[in-house]
Amino acid sequence: MAALIDTVTEAVVDARGVNSGVAPVTYGHGERPPRGDYAQARADYTCEQDWAAYSAADHDLYRRLYERQAAQLGGLACDEFIDAIGLLGSPAQIPRFDALSEKLQRATGWEVVAVPGLIPEEAFFSLLSRRRFPVTGWIRKPEEFDYVVEPDVFHDLFGHVPLLFNPMFADYMQAYGAGGLKASRLESCEQLARLYWYTVEFGLIDTPDGLRAYGAGILSSAGELRHSVTSREPQRLGFDLDRIMRTRYKIDSYQSTYFVIDSFKQLFDATAPDFKPIYERVAGLHELTADERLPTDRVF
Ligand SMILES: [Fe+2]
């Protein structure tokens, strides 16, 4: 789920006052230790993908995760995602980021870069604004096959990278990064994090064949993919930028509300204008819980 959660970080400064690396980033406000080796990261939080360090068991775990998800994409994932998933390469092993970047560069000018794990918001926004998508190097443990708290290489690659081959979505992601850099200065990161959550991670799209998933958090989840598209439990509401920015979200259960876009162009167009007046408008309204319903909601 990339970096858009509450994170704790500070620069590492050695005795001479020289910035000697980056501090680990931890998940949420809890006591969870950071996951990933931040000692090797550069100042922008990128690092080398240590591909040789993956074990046969790591590759096999990736293959099993990939195959479980790929088997249930039909009728649940959007066509743009299904059409591009093969570009990740063979599921038999964790992809090499440099080879994947060559393909992405040719398609949409994006590349994937390795990071040790969660990274701070500013670093995340900065990479996106330069069409560089940060992908966690490590893979979950076998006992985390069904659920992992922090995003790992499987979530980041399988969930996020296929849609970066789609030109409109690729442009949206860059615009999001640029908007994020601005939001950091305006202290509106929370509103922008909600937009990321309800689109990039948990977005649904309306198609002539019915609702389909395009959010990475859904597409990389064994259970939520079917739940988000077919369950009668959650509410599915039409995309509304102001409303999304007011709506809190759940990080420890399936979502109770999904927002539905009509097209990736709608998403790009809605997020193209300057967000500053929107932040100001939203700041004056009360926050909404994750499962609230408004009379103005367009319900699917
Ligand atoms: Fe993610």
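Here goes a summary of the coordinates provided. Note that this is a predicted model, so its numbers are computed, not measured.

Calculation criteria
Residues numbered from 1 in each chain as written. Predicted model: local features only at pLDDT ≥ 70, side-chain atom pairs only at ≥ 80, totals over all residues. Heavy atoms only, no water. Helix = DSSP H or I, 4+ residues; strand = E, 2+ residues; numbered from the N terminus. Contact = heavy atoms within 4.5 Å. Axes fitted to C-alpha atoms, helices over the stretch in contact; angles between N-to-C directions. Parallel < 35°, antiparallel > 145°, perpendicular 65-115°, else oblique. Left-handed = near helix turned anticlockwise from the far one by under 90°. Nonpolar A, V, L, I, M, F, W, Y, C, P; charged D, E, K, R; others polar. Phe/Tyr/Trp six-rings, centres within 6.5 Å; stacked < 30°, edge-to-face > 60°. Buried < 20%, exposed > 50% of the residue type's maximum accessible area, 1.4 Å probe, protein only. Lys NZ or Arg CZ within 6 Å of the ring centre and 35° of its normal. Pairing = 2+ DSSP bridges. Right-handed = clockwise from strand over helix to strand, strands pointing away. 1 Å grid on protein atoms, 1.4 Å probe; cavity = no way out; pocket = protein on both sides within 12 Å on 5 of 7 lines; lining within 4 Å. Points joined across faces, edges and corners; volume = space filled by probe spheres on them.

## Focus on the environment of Gly-117
Its location among the elements puts Gly-117 in the loop between β3 (111-115) and α4 (121-129). A sequence separation of 25 residues divides Gly-117 from Ala-92, and the C-alpha atoms of the two residues are 23 Å apart. Residue contacts for Gly-117: discarding those within four places in its chain leaves Arg-35, Tyr-38, Thr-136 and Trp-138.

## Brief notes about the packing of helix α6 (residues 167-186) against helix α7 (residues 189-201)
Packing of α6 against α7 leaves a shortest axis separation of 9 Å and a crossing angle of 165 degrees. Compared by their axis directions, α6 and α7 come out roughly antiparallel. The two elements α6 and α7 cross, and the hand of that crossing is left-handed. Listed contacts from α7 to Phe-169, Tyr-172, Met-173, Tyr-176, Gly-179, Gly-180, Ala-183 and Ser-184 of α6 are Cys-189, Leu-192, Ala-193, Leu-195, Tyr-196, Thr-199 and Val-200. Its residues placed into classes, the contact of α6 with α7 shows eleven nonpolar, four polar and no charged.

## Looking at the packing of aromatic side chains
Evaluated as defined, the whole model comprises 20 aromatic pairs. Geometrically, the ring pair formed by Phe-169 and Phe-264 is edge-to-face, given 5.4 Å between the ring centres and 70 degrees between the ring planes. Remark: Phe-264 occurs in helix α11 (residues 264-270) and Phe-169 occurs in helix α6; sequence separation between them is 95 residues. By relative accessible area, Phe-264 is classed as buried at 6%. Here Tyr-198 and Phe-259 contribute two aromatic rings whose centre-to-centre distance is 5.0 Å and whose plane-to-plane angle is 80 degrees, an arrangement assigned as edge-to-face. Taken together, the residues Tyr-198 in helix α7 and Phe-259 in strand β8 (residues 257-261) connect sequence positions 61 residues apart. Per residue, the accessibility class of Tyr-198 equals that of Phe-259, and both read buried. By way of ring pairs, the aromatic residues Phe-124, Phe-125, Phe-169, Tyr-172, Tyr-176, Tyr-196, Tyr-214 and Phe-264 are connected into one cluster. It is Arg-64 that lies over the ring of Phe-145; its NZ or CZ is 4.9 Å from the centre.

## Points about the sheet that holds β8
The four strands lie next to each other as β6-β5-β8-β7, forming an open sheet whose pairing is mixed. With one partner strand each, in any of the chains shown, β6 (210-213) and β7 (235-238) form the two edges of the open sheet. Direction aside, the axes of adjacent strands within the sheet are offset by 40 degrees on average. Where strand β5 (residues 204-207) and β6 come together, four bridges link them in antiparallel fashion. Bridging from a neighbouring strand, Leu-204 pairs with Ala-213 of β6.

## What about the pairing of strand β4 (residues 132-136)?
Counting buried residues in β4 gives five out of five residues, a clear majority hidden from the surface. Of the two faces of β4, the one carrying Arg-132, Pro-134 and Thr-136 and the one carrying Phe-133 and Val-135 are both buried. Two elements, β3 and β4, share five bridges in a ladder whose sense is parallel. Counted as the bridge partner of Val-115 is Thr-136 from β4. For the handedness criterion, the β-α-β arrangement of β3, α4 and β4 is classed as right-handed.

## Some details on empty space enclosed by the protein
With the rule as written, the count across this model stands at two cavities of 30 Å³ or more. Of the pockets and cavities examined, the second largest cavity occupies roughly 40 Å³. Val-25, Arg-35, Tyr-38, Gly-117, Leu-118, Thr-136, Trp-138, Glu-150 and Pro-151 together form the lining of the second largest cavity. The residue inventory of the lining of the second largest cavity, partitioned by class, reads five nonpolar, two polar and two charged.

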